[in-house]
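# Geometric and topological summary
As a plain string of letters, each chain reads:
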Amino acid sequence: MANLVNEVPSIMLMGPGPSCVAPETYKAMSMPTIGHMDPYFIKIMDSIKSGLRQLMETDNNVTVPISGTGSAGMETAFVNSIVKGDKVLVLVNGVFGKRMVDVAQRLGADVTEIEFPWGTPVDVDNVKLEIEKQDFKIVAMVHAETSTGVRNPAAEIGELIKGDTLYILDCVTSLGGIPVKADEWGVDILYSGSQKCLSCPPGVAPVTLSEKAMAKVSTRQAKVPNWYLDINLLTSYWGGNSRVYHHTAPINMMYALYQAITLVLEEEVENVFARHQAMHEKLVAGLEELGLEMHVAKPFRLPMLNNVKIPDGLDEAALRSRLLNEFKIEIGAGLGPLAGKVLRFGLMGHTARPENVDRLLSALKVCLA
Ligand SMILES: *Cc1c(COP(=O)(O)O)cnc(C)c1O
């Protein structure tokens, strides 16, 4: 019988995630699995926590990776902070904002949703008016909307949030690609994912909670309605001197996350951001030379996720499958209302290198000829 995993093709991942994994990270994952209470593993856990604090620019004590993908990070943010009936404001301009609405509603929140045209950023003045009208317990937004390639005004929204209102920010795609400043922006709960700009395989979701968020979470009357993601239980596993068994951390994924954080810190975050921006500019110039047009206006574009309009008459599904089969390059399709209207080119983490951009552009040239 053929062994399928021995024959997994090597694909250049230029879609919305997962991104290409660095060789050092694969190597880290293949190190021996040890016990999750082994003191050596606890040292790794502690180092991951402090690395994440650096990447997220926070002093929050509660900064841990959740064992699950980015969506588990999202669930963690909402399931811990929402008490049934809480008024929650979600700012939506893409698929992941919509997902936040769904998650919050399932938890019994009284959700107000303001939707902005997909491909444009959240409008701060509009949000200001809504916040002045109603007293929200939580305001939630996606920093880098992966479905549209738009960067939302995270700092400006943070300035509007006062009193005991909590600010939840989805940084799944932004962390490790553009600056993320949890403390400076007044973010109370921030979550991310491993397979976007951190360039790990999918499976881990870094989160951080401010003291203000933890004050609500640790004093709530009703138990957090999800045992696995209860941050009160998770902190006694991930923190303090006597670790209490909660679940078995995915050991080798934690090696990967450790290594990915190490790579970013060694390259230095400013250089990592500059590399993403430079690769974005290189890609946009090349796409425009091929006659393609960007979907998002220049000031709001994300470097790591580039939405391109599909020209009239182009069979986008055929293009994607030719790129995959012939050129071993994966790109992303449009999501939701943008399906069939845009293509998504990801330049995340280890993918964001000049030789990869060149390889994509020359493949596109052949396909579009
Ligand atoms: C990818 C993504 C998620 C979900 O992450 P999964 O790892 O797919 O569960 C959430 N929010 C944003 C902005 C994303 O890009």
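Scoring rules and cut-offs
Residues numbered from 1 in each chain as written. Predicted model: local features only at pLDDT ≥ 70, side-chain atom pairs only at ≥ 80, totals over all residues. Heavy atoms only, no water. Pairing = 2+ DSSP bridges. Helix = DSSP H or I, 4+ residues; strand = E, 2+ residues; numbered from the N terminus. Axes fitted to C-alpha atoms, helices over the stretch in contact; angles between N-to-C directions. Contact = heavy atoms within 4.5 Å. Salt bridge = Lys/Arg side-chain N within 4 Å of Asp/Glu carboxyl O. Buried < 20%, exposed > 50% of the residue type's maximum accessible area, 1.4 Å probe, protein only. Core = buried A, V, L, I, M, F, W, Y, C linked by side-chain atoms within 4.5 Å. Domains from an automatic or database assignment. Buried area = accessible area lost by both parts, 1.4 Å probe. Polar contact = N/O pair within 3.5 Å; in protein donor to acceptor, adjacent residues only side chain to side chain. Parallel < 35°, antiparallel > 145°, perpendicular 65-115°, else oblique. Left-handed = near helix turned anticlockwise from the far one by under 90°. Nonpolar A, V, L, I, M, F, W, Y, C, P; charged D, E, K, R; others polar.

Another aspect to go through is the sheet that holds strand β5 (residues 138–142). Here 7 strands make up an open sheet; going across it, the order is β2-β10-β9-β8-β5-β3-β4 and the pairing mixed. Both edges of this open sheet fall to β2 (62–67) and β4 (110–115), since each of them pairs with a single strand only. Here the average twist between neighbouring strands, direction ignored, is 15 degrees. Against the sheet, helix α4 (residues 95–106) makes contact with β3 (87–92), β4, β5, β8 (166–170) and β9 (189–191), and its axis sits at roughly 165 degrees relative to β3, the strand it touches most.

Opposite charge on two side chains makes pairing possible when the charged atoms of those side chains draw close. Throughout the structure, instances matching the rule amount to 17 salt bridges. Its salt-bridge partner being glutamate 316, residue arginine 320 comes within 2.9 Å of it at the nearest N-O pair. A residue pair is termed a helical-turn pair when its members lie 3 or 4 positions apart in one helix, as arginine 320 and glutamate 316 do in helix α11 (residues 316–327) at 4 residues. Residues arginine 353 and glutamate 355 are paired through a salt bridge, measuring 3.2 Å at the closest nitrogen-oxygen approach. Exposure remark for glutamate 355: the relative accessible area of 44% places this residue in the partly exposed category. Salt bridges here are not isolated pairs; linked through shared partners, they connect Asp46, Lys49 and Arg243.

The next thing to look at is the pairing of strand β11 (residues 305–309). Counting buried positions over the 5 residues of β11 gives 4, a clear majority of the element. With 5 bridges joining them, β11 and strand β14 (residues 342–346) adopt antiparallel strand pairing. What sits directly across from lysine 309, in β14, is valine 342.

With that settled, consider the nonpolar core. Formed by 86 residues in total, the largest nonpolar core has its most connected members in Phe78, Leu91, Ile157, Leu209 and Ile231. In terms of domain composition, this core takes at least three residues from each of domain 1 (4–17 + 268–368) and domain 2 (24–265). Setting aside residues up to four positions removed in sequence, leucine 91 forms contacts with Gly97, Ile114, Phe116, Val122, Val127, Val139, Ala140, Met141 and Ile157. Residues Leu13, Val284, Leu323 and Leu343 belong to the second largest nonpolar core, which totals 26 residues.

If you trace the backbone, lysine 49 turns up in helix α2 (residues 39–56). Lysine 49 has contacts with Thr63, Val64, Trp238, Gly239 and Arg243, leaving out every residue within four places of it along the chain.

The assigned domain composition of the protein chain is domain 1 (4–17 + 268–368) and domain 2 (24–265). A separation of 26 Å is found between the C-alpha centroids of domain 1 and domain 2. On the side of domain 2, 25 residues touch domain 1, which itself brings 24 residues to the contact. Overall, the association of domain 1 and domain 2 removes approximately 2,000 Å² of surface from exposure, summing both partners, and the carbon and sulfur fraction of that is 68%. Summed over the three residues of domain 1 that lose the most area to domain 2, namely Phe273, Phe300 and Leu302, the buried surface amounts to 26% of that side. At the boundary of domain 1 and domain 2, one finds 0 salt bridges. In this assembly, domain 1 and domain 2 are joined by 8 residue pairs in polar contact (both at pLDDT 80 or more).

A few words now on the pairing of β2. Summarising burial for β2: 6 of the 6 residues are buried, a large majority. Judged by which residues are buried, β2 turns out to be covered on both faces: Val62, Val64 and Ile66 on one side and Thr63, Pro65 and Ser67 on the other are all buried. Two strands pair when backbone bridges link them, and β2 and strand β10 (residues 204–209) are joined in this way by 6 bridges, in the antiparallel orientation. Residue pairing for β10: serine 67 is matched across the bridge by valine 204.

Where helix α3 (residues 70–81) contacts α4, the two axes come as close as 10 Å, and the packing angle between them is 45 degrees. Considering the angle they form, α3 stands oblique to α4. Regarding α3 and α4, the two cross each other, and that crossing is right-handed. Each of Ser71, Met74, Glu75 and Phe78 in α3 lies in contact with α4, whose residues at this interface are Phe96, Arg99, Met100, Val103 and Ala104. Split by residue class, the contact of α3 with α4 holds 6 nonpolar, 1 polar and 2 charged.

Leaving glycine out, the prevailing phi sign among residues is negative, and the prevailing peptide bond configuration is trans. Omega for the peptide link from glycine 17 to proline 18 comes to 5 degrees, which places this bond in the cis form. Position of proline 18 relative to the elements: it lies in the loop between β1 (12–13) and α1 (23–29). With phi around 55 degrees, serine 199 is a residue other than glycine that occupies positive phi space. Inspection of the secondary structure puts serine 199 in the loop between β9 and β10. Non-glycine residue glutamate 268 carries a positive phi angle of around 80 degrees. Within the secondary structure layout, glutamate 268 lies in the loop between α9 (251–267) and α10 (269–289).

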